Amino acid sequence: MTTVLDSRRTDPPPVVHTAAMLWLTAVAFGVLETVLVVSEQLFTGSATVAGLLPQVGIRLAVFAAAVFMALRLKAGQNWARLTLAVTLGVFGTLSLVIGPVQWLLAGGSIGEAVAGADAMGLLFAGSRILHVVAVLGAVTLMFQPRANAYFRSA
């Protein structure tokens, strides 16, 4: 019979629970960004469904893997924490910010971009910002002292 004290030992600390929820939030923003890009490309005729299928398939696989690893993270699997930190925390974040950073370095202006943006552009930019914030927050929380203790004891 499991007591209340026994179940508390297996529950993740709040920082790990929050990190897992932030990973799931990042996935949701990634899905939204994919829907926006695919919709725009199909609407403008710059791509076909068949042409987009490989890219969408890869994104869906990444999203599914991220959800799986977020759930394993919450369960105390250190391999999931390390995999998320390296693959999506480092390389994923770079893939999200490299385009805007290059654009800014080439002389782009945030003020001009906002002034010239349509609703779709603003929605995408807002989603991308929240996506990056969720990833950075998740990575930060995954390595807090209480999280480290949880993963050592798991």
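That block above? That's the structure.
Each chain carries its own residue numbering, running from 1 in the written order of its sequence. The predicted nature of this model means local features are confined to residues of pLDDT at least 70 and side-chain atom pairs, given and counted, to a pLDDT of 80 or more, with totals for whole chains, interfaces and linings taken over all residues. Processing note: side-chain calculations cover all non-hydrogen atoms of the structure and skip hydrogens and water entirely.

Asker: Account for the overall build of the protein chain, with residues named and values stated.
Answerer: We count a stretch as a helix when DSSP gives it H or I for four or more residues in a row; a strand needs E for two or more, and each element gets its number in order from the N terminus. A count of helical and extended segments in the protein chain gives 7 helices and 0 strands. Along the protein chain, helices and strands appear, N-terminal first, in the series α-α-α-α-α-α-α. Projecting the C-alpha coordinates of the protein chain onto the three principal axes gives extents of approximately 60 × 35 × 25 Å. Residues counted as buried form 26% of the 154 residues belonging to the protein chain. Considering only contacts in the protein chain between residues 6 or more positions apart, those separated by 24 or more positions represent 77%. Roughly 9400 Å² of accessible area belongs to the protein chain as shown, and the carbon and sulfur atoms make up 71% of that amount. Only protein chains enter the area calculation, which uses a 1.4 Å probe; residues under 20% of their type maximum are buried, those over 50% are exposed, and those in between are partly exposed. Throughout, a contact is declared for two residues whenever any of their heavy atoms are within 4.5 Å. Surface exposure here means Shrake-Rupley accessible area, sampled with a 1.4 Å probe, where a residue is shielded only by the protein chains that are shown.

Asker: Which residues make up the packing of aromatic side chains, and what values do they have?
Answerer: Here the aromatic set is Phe, Tyr and Trp, taking the six-membered ring for Trp, and pairing holds for ring centres within 6.5 Å; pairs whose planes are under 30 degrees apart are stacked, those over 60 apart are edge-to-face, and all others are tilted. This structure, assessed with the given rule, holds 2 aromatic pairs. Here the aromatic rings of phenylalanine 68 and tryptophan 79 are separated by 6.1 Å at their centres, their planes lie at 35°, and the arrangement is tilted. Placement of the pair is phenylalanine 68 in helix H3 (residues 49–74) and tryptophan 79 in helix H4 (residues 78–105), with a sequence separation of 11 residues. On the basis of relative accessibility, which here comes to 47%, the residue phenylalanine 68 falls in the partly exposed class. With relative accessibility at 39%, the residue tryptophan 79 sits in the partly exposed group. Pairing tyrosine 150 with phenylalanine 151 gives two aromatic rings, centres 5.4 Å apart and planes at 70°, and the pair type is edge-to-face.

Asker: Can you break down the packing of helix H2 (residues 14–44) against helix H6 (residues 119–142) residue by residue, with the values?
Answerer: Lines fitted to C-alpha atoms define the axes, with helix axes restricted to the stretch in contact, and inter-axis angles between N-to-C directions lie between 0 and 180 degrees. For the pair H2 and H6, the least separation of the axes is 8 Å and the interaxial angle reads 155°. Comparing the axis directions of H2 and H6 gives the class roughly antiparallel. In this structure, the crossing between H2 and H6 has a hand that is left-handed. Classifying every residue of the contact of H2 with H6 by side-chain character gives 19 nonpolar, 6 polar and 2 charged. Throughout, the term roughly parallel applies to angles under 35 degrees, roughly antiparallel to angles over 145, roughly perpendicular to angles from 65 to 115, and oblique to all others. For any helix crossing, the convention is left-handed if the near helix is rotated counterclockwise from the far helix by under a right angle, and right-handed if that rotation is clockwise. The nonpolar class holds Ala, Val, Leu, Ile, Met, Phe, Trp, Tyr, Cys and Pro. Asp, Glu, Lys and Arg form the charged class, and all remaining residues, Gly among them, are polar.

Asker: Go over the nonpolar core, please, and point to the residues and values.
Answerer: In this description, a nonpolar core means a group of buried Ala, Val, Leu, Ile, Met, Phe, Trp, Tyr and Cys residues linked to one another through side-chain atoms lying within 4.5 Å. Within the largest apolar cluster, 22 residues are counted, with the highest numbers of intra-cluster contacts made by Val16, Trp23, Leu73, Leu84, Leu88, Met142 and Phe151. Breaking this core down by element, the ones donating at least two residues are H2, H3, H4, H6 and helix H7 (145–153). Considering each element in turn, this core owes the most residues, 6 residues, to H2. Once you skip the residues sitting within four places of it in the chain, valine 16 turns out to touch Leu73, Lys74, Ala147, Tyr150 and Phe151.

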